[in-house]
Amino acid sequence: MNKFVTANPSKCIGCRTCEIACALAHSEGAGVEGLAPGSFKPRIRMVKTADVSTAVMCHHCEDAPCVNACPNNAIVYRQHSVQVEQERCLGCKNCVLACPFGVMDVVTVPAVRQFAGMTLSLGVKAQAHKCDLCIERGDAGPACVSVCPTSALTLMDREAMDETLRRRRERAALEAAEVAA
Amino acid sequence: MEKHMAVCPYCGTGCKLNLLVEGGKVVGAEPLNGVTNEGELCLKGYFGYDFINDTKLLTPRLRNPMLRRSRDAAFEAVSWDEAIQYAAKKLGEIKAKYGPDSIMTTGSSRGTGNETNYVMQKFTRAVLGTNNVDNCARVCHGPSVAGLQVTLGNGAMSNSIPEIEHTKCVLVFGYNVADSHPVIAKRIIKAKERGAKIIVCDPRKIETARLADLWLPLNNGSNMALVNAFANVLINEGLYNKEYVASHTEGFDEYKKIVDKYTPEYAAAITGLPADDIREAMRIYAAAPSATILWGMGVTQWSQGVDVVKGLSGLALLTGNLGRPNVGVGPVRGQNNVQGSCDMGVLPTEFPGYQKVTDPEIREKFAKAWGVDSLPGEIGYRLTDVPHLAETGKLKAMYVMGEDPAQTEPDLTQVRKGFEAMEFVIVQDIFMTKTAMFADLILPATSWGEHEGVFSAADRSFQRFTKAVDAKGDVKHDWEIISLLATAMGYPMHYNNTKEIWDELRELCPIFYGVTYEKMEGLGAVPWPCRDLDSAGSKYLYEGNVFQRPGGKGLLFATEWRPPQDQLTEEFPLILCTVREVGHYSCRSMTGNCAALQTLADEPGYVTINPKDAKALGIRDQELVWVSSRRGKVITRASVTDRTNKGAVYMTYQWWIGACNELTIHAVDPIAKTPEYKYAAVRVEAIADQIWAENYVQQEYAKLKGGLSNAVTGAAKKAPAYA
């Protein structure tokens with residue numbers, strides 16, 4: 001099963017700590033001082049409506065619409081997650097339209113090439129922009145999960161999913177018993 | 001990489017963290033397992049450290065003392081020697097000419113720490129000879145201190161922060177915990193998970209209202225009516241603890257007489273709440289085996305703040321929810337050390353350790369310790385009196401330390417006039433601020449991260465924080481600057497470190513005596529009172545239900561509801577209530593200089609408005625709008641949201657362009673002198689030309705930022721020897 005981050009709306013306080021942690025985890029070491037409004041593109045987003053505050057992010061679907069929609073096989077299953085091979089991304093936005101959760105985006109970054117000790121500009125490079133479960137942080141896991149001050153975010157893997165299912169079934173059994181009584 | 005232990009410099013939760021330092025620069029923060037935060041931090045704790053590094057995103061750090069020899073002159077950088085001599089001479093002259101009470105000082109409830117505040121009030125009382133010293137508790141939890149001192153005998157949170165998650169009922173009143181204290185919000189969520197009932201009284205659908213079992217969206221300005229109705233229900237439905245009331249309280253008959261009128265039906269007309277919801281709230285509260293009341297600025301920032309605080313403490317007394325673990329009353333302090341500045345006596349009424357200036361024996365004790373013949377016994381001026389006192393010529397000089405009243409006080413036009421009317425203004429800060437622009441002399445101090453000391457968390461816990469990096473520039477510790485000034489004024493004062501100061505004040509304050517630096521080592525937190533060296537302090541107050549009042553009983557107090565001061569009219573038909581947002585703090589000099597935090601929210605800020613009101617005014621979400629009151633007019637951005645109640649709009653107080661305090665009213669509580677930030681009559685208007693408006697905001701913002709930044713760079717150029 002693919003792993004994914006889940007948000008519990010009954011714990012979320014809408015503080016956006018997760019968004020900053022996400023942007024920083026993908027800043028290639030630039031640190032907080034590299035953050036600025038124009039370039040701030042967290043892959044997790046806090047959504048606030050009249051009744052709900054919660055974070056939304058990639059579900060790392062088992063049969064992912066983004067993977068299926070990509071004409072260039074840029075989106076792949078790797079290490080129990082859905083990952084983007086950025087060099088293959090065309091920026092066609094099929095994946096953006098296909099994602100039912102609104103958590104895939106296409107962004108452009110300056111493209112450069114090193115040649116004879118010089119940095120040459122190659123215009124822009126498109127990137128399919130989504131949660132990568134902080135795969136480069138390794139055992140540290142997703143940055144958003146590690147900072148959430150109310151523990152509203154959890155990393156769901158097979159084991160955690162089984163535990164949740166076990167508790168739900170237990171609750172269902174108890175409720176059924178109540179109805180019977 | 002080095003790691004240096006600190007306590008977060010933002011809200012009053014008192015989260016312990018490590019500052020990560022590389023090459024003399026703070027590059028990160030990581031949570032520690034402190035008593036109040038248990039390994040958690042919020043976005044300000046994690047990402048709010050880079051202001052130390054002088055990012056100049058909003059305003060530059062101060063590097064040199066800066067002097068302006070006349071008000072029309074530019075600032076010039078000067079040596080410390082010249083700055084101190086100049087200040088001593090000016091203050092000396094003003095004291096000689098107009099008397100000591102013509103001078104006022106402030107403590108700072110922010111990053112400087114308790115030791116500095118002790119030194120500041122000592123300087124004010126022993127050297128200047130006045131009790132004119134105050135701090136921003138005046139505009140915040142002043143009413144909580146004043147109210148609780150009368151009814152229970154102690155102005156602080158009765159119980160500790162960790163206990164919140166073990167209570168069985170949390171009554172949240174006028175307190176947006178998610179935005180003010182995110183890490184305390186977790187305690188409330190955990191309490192709920194453990195089965196506690198959550199009741200929220202707030203006109204807005206704040207995050208906690210969303211999670212509440214019962215949300216009472218009362219009308220803005222109806223607090224006292226609701227609190228009286230709560231008492232009415234507890235008494236008339238027989239829900240109160242008769243035995244507790246008989247043994248541990250006084251004033252019941254008088255109290256009952258006043259609240260009798262406030263039946264839920266009577267209060268429904270004032271509060272706009274269904275009478276049955278009022279009843280339900282008290283049935284839940286009274287039924288809980290333990291219950292905690294938490295409140296914030298929604299209770300205190302009213303012209304009837306003190307009364308409501310007393311009323312809330314009455315609910316705890318009626319139900320016996322005091323004097324044991326997991327219960328109590330919690331005025332949750334908003335600034336990291338506003339509890340501390342009160343503890344340290346930067347108050348016009350009290351010496352450190354809550355010892356009254358009106359008590360001759362106490363005065364004699366301090367006079368003896370400080371080596372002066374006598375100390376002033378008259379209560380000093382309050383911070384909110386300053387503009388009026390300056391304009392009427394009673395106040396001639398002000399020494400502002402680590403506060404930005406030209407941003408945070410109500411009715412800023414009046415505040416500016418006040419500063420202009422004064423003969424001599426000193427501002428001591430780490431940043432160039434809007435207030436510093438009114439100064440004659442600017443004294444640059446070390447920042448949090450550059451010095452050590454002790455903070456008091458909101459729950460009375462003393463905790464130590466350490467220095468992480470060396471300060472850059474020609475700056476000094478706050479307490480060092482004050483000591484130099486005292487010495488130059490003929491009162492030799494010298495401390496080698498903060499521990500020396502701490503040990504001096506411990507000896508003078510019986511309730512802090514047992515709190516040694518050693519006990520606070522590492523993650524140590526010691527809640528006062530702590531009278532003995534072998535005591536670990538007091539997690540909760542009023543053990544054995546003994547209240548710190550003559551006779552030891554709690555006072556039940558009620559009074560009639562009074563409507564707010566400002567008047568809604570056809571011209572100004574909406575209520576403006578000022579609030580805070582999670583990513584920014586206080587006047588924003590710190591968080592506005594943090595890249596991550598200013599990435600999330602920048603000028604001109606927002607006015608939140610209900611969709612129905614917005615529609616009637618032709619305003620769409622995210623458009624720029626004008627907001628005006630009888631006192632001023634500002635531009636800001638509309639955030640159209642169902643979470644805001646109809647008839648009221650809300651603005652956060654840290655913006656320079658969308659500065660809500662240009663609009664707020666100087667109407668204060670008669671006792672605490674805390675302003676009614678929560679109720680000003682305003683008008684909101686759409687702007688047809690949004691492109692012009694966007695440009696206008698950018699230009700005005702650039703102009704303001706440029707003005708402050710040029711003052712600093714210009715001063716350095718004028719005296720390159722000190723730059």
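Residues numbered from 1 in each chain as written. Chains lettered and ligands numbered in written order. Predicted model: local features only at pLDDT ≥ 70, side-chain atom pairs only at ≥ 80, totals over all residues. Heavy atoms only, no water.

1. A word on the overall build of chain A
The helix and strand inventory of chain A stands at five helices and eight strands. In sequence order, the secondary structure elements of chain A are arranged as β-α-β-β-α-β-β-α-β-β-α-β-α. On the principal axes, the C-alpha backbone points of chain A span a range of 80 × 35 × 35 Å. A fraction of 56% describes how many contacts in chain A between residues 6 or more apart in sequence connect residues 24 or more apart. In the structure as shown, chain A presents an accessible area of about 10,100 Å², 54% of it carried by carbon and sulfur atoms. In chain A, 20 positive and 19 negative side-chain charges are present, and the distance between their average locations comes to 5 Å. (Helix = DSSP H or I, 4+ residues; strand = E, 2+ residues; numbered from the N terminus. Contact = heavy atoms within 4.5 Å. Areas by Shrake-Rupley, 256 points an atom, 1.4 Å probe, with all protein chains shown as cover. Lys, Arg positive; Asp, Glu negative; His and termini not counted. Charge placed at Lys NZ, Arg CZ, Asp CG, Glu CD.)

2. What about the side chain of Ser 303 of chain B?
Residue and element names in this part refer to chain B. Mapped onto the secondary structure, Ser 303 falls in the loop between helix H13 (297-300) and helix H14 (305-319). According to the relative accessible area criterion, Ser 303 is buried, its value standing at 4%. In this view, Ser 303 contacts Arg 562, Gln 565, Val 668, Asp 669, Pro 670 and Glu 676; residues no more than four positions away in its chain are not counted. (Buried < 20%, exposed > 50% of the residue type's maximum accessible area, 1.4 Å probe, protein only.)

3. Topic: the sheet that holds strand E25 (residues 624-629) of chain B
Residue and element names in this part refer to chain B. The six strands are arranged E23-E27-E24-E26-E25-E28 in a closed barrel whose pairing can be described as mixed. Averaged over all adjacent pairs, the angle separating strand axes in this sheet is 45 degrees, with direction ignored. Bridge count between E25 and strand E28 (residues 680-686): five bridges; the pairing is antiparallel. Its bridge partner being in E28, Trp 626 is matched across the sheet by Glu 685. (Pairing = 2+ DSSP bridges. Axes fitted to C-alpha atoms, helices over the stretch in contact; angles between N-to-C directions.)

4. Observations concerning the domain arrangement of chain B
Residue and element names in this part refer to chain B. Each domain of chain B was delimited in the assignment, giving domain 1 (2-53), domain 2 (82-140 + 336-494 + 501-519), domain 3 (146-332) and domain 4 (574-713). Here domain 3 and domain 4 have C-alpha centroids that lie 30 Å from each other. With 21 residues of domain 3 in contact, the opposing surface of domain 4 contributes 23 residues. Note on domain 3 versus domain 4: buried area summed over both sides is about 1,800 Å², and carbon and sulfur give 53% of it. Contact with domain 4 buries area across many residues of domain 3, yet Arg 204, Asn 220 and Gln 301 alone supply 34% of it, more than any other trio. Here domain 3 is connected to domain 4 by one salt bridge. With a shortest N-O distance of 2.8 Å, Arg 643 and Glu 207 are connected by a salt bridge. Along the contact surface separating domain 3 from domain 4 lie nine residue pairs in polar contact (both at pLDDT 80 or more). (Domains from an automatic or database assignment. Buried area = accessible area lost by both parts, 1.4 Å probe. Salt bridge = Lys/Arg side-chain N within 4 Å of Asp/Glu carboxyl O. Polar contact = N/O pair within 3.5 Å; in protein donor to acceptor, adjacent residues only side chain to side chain.)

5. Side note on the packing of helix H8 (residues 223-236) of chain B against helix H10 (residues 252-260) of chain B
All names here are of chain B. Where H8 contacts H10, the axes come no closer than 9 Å and their chain directions differ by 115 degrees. With respect to H10, the element H8 is oriented roughly perpendicular. The chirality of how H8 crosses H10 is left-handed. Along the contact surface, H8 presents Asn 228, Ala 231, Asn 232, Ile 235 and Asn 236, while H10 presents Phe 252, Tyr 255, Lys 256, Val 259 and Asp 260. Along the lines of polarity and charge, the residues of the contact of H8 with H10 split into five nonpolar, three polar and two charged. (Parallel < 35°, antiparallel > 145°, perpendicular 65-115°, else oblique. Left-handed = near helix turned anticlockwise from the far one by under 90°. Nonpolar A, V, L, I, M, F, W, Y, C, P; charged D, E, K, R; others polar.)

6. Observations concerning the pairing of strand E20 (residues 461-465) of chain B
Counting buried positions along E20 of chain B yields five of five residues, so the element is predominantly enclosed. Linking two consecutive strands that pair antiparallel, namely strand E19 (residues 453-456) of chain B and E20 of chain B, is a turn of four residues; a positive phi of about 75 degrees is found at Arg 460 of chain B within it.

7. With respect to the sheet that holds strand E4 (residues 66-67) of chain B
All names here are of chain B. Taken in spatial order, the seven strands line up as E5-E4-E18-E17-E16-E6-E7 in an open sheet, and their pairing is mixed. Only two strands of the sheet have a single neighbouring strand rather than two, namely strand E5 (76-77) and strand E7 (133-134). One ladder, built from three bridges, connects strand E6 (residues 103-106) with strand E16 (residues 397-401); its direction is parallel. By the bridge assignment for E16, Met 104 is matched with Met 398.

8. Some words on the environment of Lys 48 of chain A
Checked against the element boundaries, Lys 48 of chain A lands in strand E2 (residues 45-48). In this structure Lys 48 of chain A comes out as partly exposed when scored by relative accessible area, which is 42%. Put simply, Lys 48 of chain A and Asp 105 of chain A are 57 residues apart on the chain and 20 Å apart in space, counted from C-alpha to C-alpha. Once residues within four sequence positions are removed from consideration, Lys 48 of chain A is found in contact with Gly 14 and Ser 53 of chain A together with Glu 207 and Arg 643 of chain B. At a separation of 3.2 Å, a polar atom in the side chain of Lys 48 of chain A contacts the side chain of Glu 207 of chain B.

9. Considering the nonpolar core
Ranked by size, the top nonpolar core spans 133 residues in total, and within it Ile 20 of chain A together with Phe 123 of chain B carry the most contacts. Excluding its chain neighbours within four sequence positions, the residues that come into contact with Phe 123 of chain B are Leu 91, Leu 128, Tyr 399, Ile 482, Leu 485, Ala 486, Met 489 and Met 493 of chain B. If you look at the next biggest cluster of nonpolar residues, it comprises 52 residues, including Ile 258, Ala 281, Trp 295 and Val 329 of chain B. (Core = buried A, V, L, I, M, F, W, Y, C linked by side-chain atoms within 4.5 Å.)

10. Observations regarding the interface of chain A and chain B
Size of an interface: often given as the accessible area lost when the parts come together. Listed per partner, the contact involves 31 residues of chain A and 31 residues of chain B. Carbon and sulfur atoms supply 59% of the area that chain A and chain B bury against each other, a total of about 2,400 Å² over both sides. When the area that chain A buries against chain B is broken down by residue, the three leading residues are Ile 13, Val 32 and Glu 33 of chain A, summing to 23%. Connecting chain A to chain B are four salt bridges. Linking Glu 33 of chain A and Lys 25 of chain B is a salt bridge whose minimum nitrogen-to-oxygen distance equals 3.5 Å. Scanning the region where chain A abuts chain B turns up 15 residue pairs in polar contact (both at pLDDT 80 or more). Of all the secondary-structure elements, those providing two or more residues to the side of chain A that touches chain B are helix H1 (17-25) and helix H4 (143-147) of chain A. The greatest single-element share of the side of chain A that touches chain B, amounting to five residues, is contributed by H1 of chain A.

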